[in-house]
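# Understanding the architecture of this molecule
The primary structure of each chain is shown beneath.
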Amino acid sequence: MSESDTYRFQVNLSGMINILSNHLYSNPKVFLREVLQNAVDAVTARSQQDATYQGSIHLELTGSGAGSTLMIEDDGIGLTREDVHEFLAMIGQSSKRSGADAFTQETSFIGRFGIGLLSCFMVSDEIVMVTQSAKGGKALEWRGNPDGTYHIRELETELSPGTKVYLRCKPDCEMYYESELLQQWIYDYGALLPYPITFRDEQTQRIINDQRPVWLDDPERARGHRDEVLQLGQRLLGEKFQDYIPLRTASGRTGGIAYILPHSVNLNVKKSNRVYLKYMLVSEKAENILPDWAFFVKSIIWTDELQPTASREHFYENEKLEEVRQELGNSIRAELLRMAEYEPDRLQRIIQLHALSMKALAVEDTSFFQIIYRWLPFETTYGRRKVHELLADNQKMYYTTSLDEYRQITHVASAQSLLVVNGGYVYDAELIALLPEVCAEANTERLIPEDVSLAFTDITTEERKQYYEAVRYADVALQRFRCQIQLKRFKPEDLPALFTLSQEASDLRSIETSKSVSPLALTSVLQSLSSSLQQSAYSTLYLNINNSVVERIFQAKNESMIVVAIEMLYVNALMMGHYPMNRQEMQVLNQGIVRFLDWGLSANTDQGGHTE
Amino acid sequence: MNNQPEQINPDFEDIMDQAYSLPNGRAKIALLEEAIRIADSLGDVEQGYSAREELVETCTFSGHPMKALVAFSWLLGQFDQQPEEYDDFTLLWSYKWILDSIASFPEVSRAQIDELLVDMRKRYEQFGYSERSYYYYRFSLLKDYGEVEEAQQFLNKTKAMDRDEMSDCEACEQHQFVEFEVMKGNDEQIIRTARPILKGRMTCGEVPHLTLSKVLMPLYRQGKLEEAEKYQKQGYRLIKGNRDFVLHSGEHMYYLLNIDLLQALEVFEQWVGLSLDHENPRDKMMFNAYAAVLFKRLVADGNVTSVKLPAGYPYPEEANDLPAIASRLEQMALETAGRLDQRNGNSYYTTLIQQL
């Protein structure tokens, strides 16, 4: 035994540990990543000095439960006495620097080393480190306590270079010393590390990362190792995949595998990718490393060019990240384009599963749209069809921009064999509008509900004269609903009336509904807003003179009969179109029913009806 | 006939499920409106309420303030009838969104807006929230009217009070302060006020999205081009495609036309479709005003003679007539500005647009 000195930290260590464990890191298990990182850095530093040296890392678990000890050993460069002091000084410095910088800067190996070691206090009340510098000298033992004291003791002998860290289980931290979990976590963090990591406890001894893929340096080579790639995906991402796309940036400093999700995903779902920085797992839930549209893949990505955040669990949103994100996006896009040319079946499978995502991508990128548009499915009056099927008929393709509009016109359009695409879904209207830009033969046109009438046949001048009076009564009757009458001939004949609503009229309807129930201050505001809509906000009730009931109504001579019948057709059309009715309209419906009952019961008399 | 029966007779829960699975935007709004119609036609007030709650939020954050207002009015009315049935916090919180956009509608008079403000104050008081939100919104509305000095008084009053559960998050408030500094026009002060947001120390769902475009011109005028470029890229990525940010796309365009006319034109082409039927007259006005400057510059520059207009643009023939587009855009902007100014009782917006 020789000298043993006591020094004091310059920071409040327990406060520091509290920050680390409760605020910086998301989970205490990251201590494992930190000690692994220290070991990797030590090995890397030594191999830079000695090209023949082959490093390795070893973990050993002894005891069980509260009596467990975990030892992490590397045969890397080791620390000198100066190094040891410096890494502690570094921690003192961090308070002088501005906030998080000390954690994120590309600091020296020693600087990071100290912070990494400190994180072990999350799971251990005493950390013992035995280190032998490759530069020679005697081995050192460092012993740190969470109360802020540490001791350094010089050992008698010179050991072989490297560092061992011993952690003793802290009360309530038993789970971080469970063999199964430890092995899983070491695999999670270190599966891609380039040095063998061995693990030993009383039962097992194994190499954790013995299946490190050979194609990490060149993801393109992953194409030739399908089973292995899919297996890695299942092991790391916990899902069984069937297809994948290799990712690579131009510089080659970022690579990865994008696994195609075997099920469709919700657009709102958090995109989680698994990202390795210098082959060490940094994040299992990195959202921002792939473009937003790439939500049909889940990826494993490795990089050495991005800057991690303070917790080293995410990446800073900076220009580098933007560049990497774009390049990785380009890898996916290029692969899809390649599929379109050489493997259309494969592309079609993916599109079917992830149509929404593909559409999102197509909206952003016309050249991509150009390649895949044939296989994109849309909902139409002819059923769910792919674009190439729609084009085959050489028909004009109408589209609506909302579900509402589509619903309003769908049965009339079908009866007239109009091809109408429902543009009410995300991106659909935009894509159909864009279609002629990528496909010269496509003829598309926006259809607004009023336009359906274009396909209607006008009544003749003769008929116009004949029905003039009746139409006038009808118009007056619907005036109070801001609805006008149009008498036409159209298919299907069994449809007596069609109610159409312009956007303004539709807005006005919902304002009226709200106005009837809202408090005074808002009623007056709504009144002002609706006044600007009033002029343009007429709805139209198309009456189909081809329909026998309509025909008979207009031939009737009884004015009050016409009025009631038209009102009933109006409310009926509202109901058919799923429009909620306001109080006035409900009243019309109720009175109308009673009137018709009355007429029916008094059909033998020639007086018409009485409702009193 | 259509072979998708579930589209024709869908049920309320299914539609709501579908709506929840979508990001904010038109498709989601369409589904929610569909759900509301079903609930209303079956007379199910509770369902109508829950669908409208979702609609108010969705519309607020995807650029449909009018729809939000209409649905909110209905909610408030139902709430007053049966206050014990519904969640008061959600409702009172959304009241603020209504006040955020109400001054954008020139049809709504100042007296009417004041009445709303008083109503909000009364309700907040009733549920035990502080008056700070009331003062904050006095500030914010006066700012909307273009009355700087009066707004300053209420800002001071707001800042002197403690925040409470109804206060906007700090990032949102800081953003409001930035907007106010933009009105006052001191570039250095604008940048200083925006600093905590730019540094990423204050963020929320809409900040820094809203803020980044505000510092572009101040930075440009101070010659800090690199910084401006950085925030332009960052900001544009955040707002892309969301019609809620049509005003901000205009600010990006206005900055870019100093840097690269073609890039500015690209921004116009990407956003003009969203601006056409935009529900917020003031945001649309500013977009048009910035676009008018862009087209005047394009005409003067002479290198570009046509523009890609979206399907449905009401004047497709103007695609090859840039002077006509420029004057139409300016005229539309000035027309709205005139109406806003008339309501506000000053000439703030007309002057603002003429000085661009």
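Below you will find a few notes about this structure. (Residues numbered from 1 in each chain as written. Chains lettered and ligands numbered in written order. Predicted model: local features only at pLDDT ≥ 70, side-chain atom pairs only at ≥ 80, totals over all residues. Heavy atoms only, no water.)

### What about the overall build of chain A?
Short version of the rule: Only DSSP runs of H or I with at least four residues qualify as helices, and only runs of E with at least two residues qualify as strands; both kinds are numbered from the N terminus onward. Partly exposed describes any residue whose relative accessible area lies between the buried limit of under 20% and the exposed limit of over 50%, with all areas from a 1.4 Å probe on protein chains only and scaled to the type maximum. Between two residues, a contact is recorded if the distance between any of their heavy atoms is within 4.5 Å. Per-residue accessibility takes into account occlusion by the displayed protein chains alone, with areas from the Shrake-Rupley method and a 1.4 Å probe.
Along chain A, the regular secondary structure elements total 20 helices and 23 strands. For chain A, the residues scored as buried account for 54% of the 612 residues in total. Considering only residue pairs separated by 6 or more positions, chain A has 66% of its internal contacts joining residues 24 or more positions apart. Carbon and sulfur atoms provide 48% of the accessible area of chain A, an area that totals close to 27200 Å².

### Section: helix α8 (residues 132-145) of chain B
All names here are of chain B. Heads up, the rule is: To estimate the expected span of a helix, subtract one from its residue number and multiply by 1.5 Å.
Its 14 residues give α8 an end-to-end C-alpha distance of 20 Å, which sits within 8% of 20 Å, the value for a rise of 1.5 Å per residue. With 13 of 14 residues buried, α8 is to be regarded as a mostly interior element. Just beyond α8, the residue with positive phi is Gly146, at close to 85°.

### Regarding the sheet that holds strand β22 (residues 497-500) of chain A
Residue and element names in this part refer to chain A. In plain terms, the rule: Pairing between strands is defined by DSSP: at least two bridges between the two strands are required. Angular values range over 0 to 180 degrees, each being the angle between N-to-C directions of two axes fitted as lines to C-alpha atoms, with helices fitted over their stretch in contact.
Within the open sheet, the four strands sit side by side as β20-β21-β23-β22. Their pairing is mixed. The sheet is open, and its two edges are formed by β20 (457-458) and β22, each paired on a single side. In this sheet, strand β21 (residues 483-489) lies alongside β20 in antiparallel orientation, the contact comprising two bridges. Across the sheet, Thr457 pairs through a bridge with Arg489, a residue of β21. Its contacts with the sheet place helix α15 (residues 461-479) against β21 and β23 (539-544), and it is angled at close to 150° to β21.

### What to know about the sheet that holds strand β14 (residues 297-303) of chain A
All names here are of chain A. Read across the open sheet, the five strands follow the order β10-β11-β14-β12-β13; overall the sheet is mixed. For this open sheet the edge positions go to β10 (244-248) and β13 (280-286), each flanked by a neighbour on one side alone. Ignoring which end each strand starts from, the neighbouring axes of this sheet average 15° apart. For strand β12 (residues 273-277) and β13, the ladder comprises four bridges, and the chain directions are antiparallel.

### Some remarks on the nonpolar core
The criterion, for reference: Here, nonpolar core means buried Ala, Val, Leu, Ile, Met, Phe, Trp, Tyr and Cys residues that are tied together by side-chain atoms lying within 4.5 Å of each other.
Counting residues in hydrophobic clusters, the biggest one holds 73 residues, and the most contacted among them are Leu69(B), Phe72(B), Tyr95(B), Leu99(B), Ile102(B), Leu116(B) and Phe139(B). At 10 residues, helix α5 (residues 65-81) of chain B tops the list of elements feeding residues into this core. Discounting residues that sit within four places of it in the chain, Phe139(B) has contacts with Ala151(B), Phe154(B), Leu155(B), Gln176(B), Phe177(B) and Phe180(B). Counting residues in each nonpolar core, the second largest holds 68 residues, with Ile57(A), Leu79(A), Leu118(A) and Val123(A) among its members.

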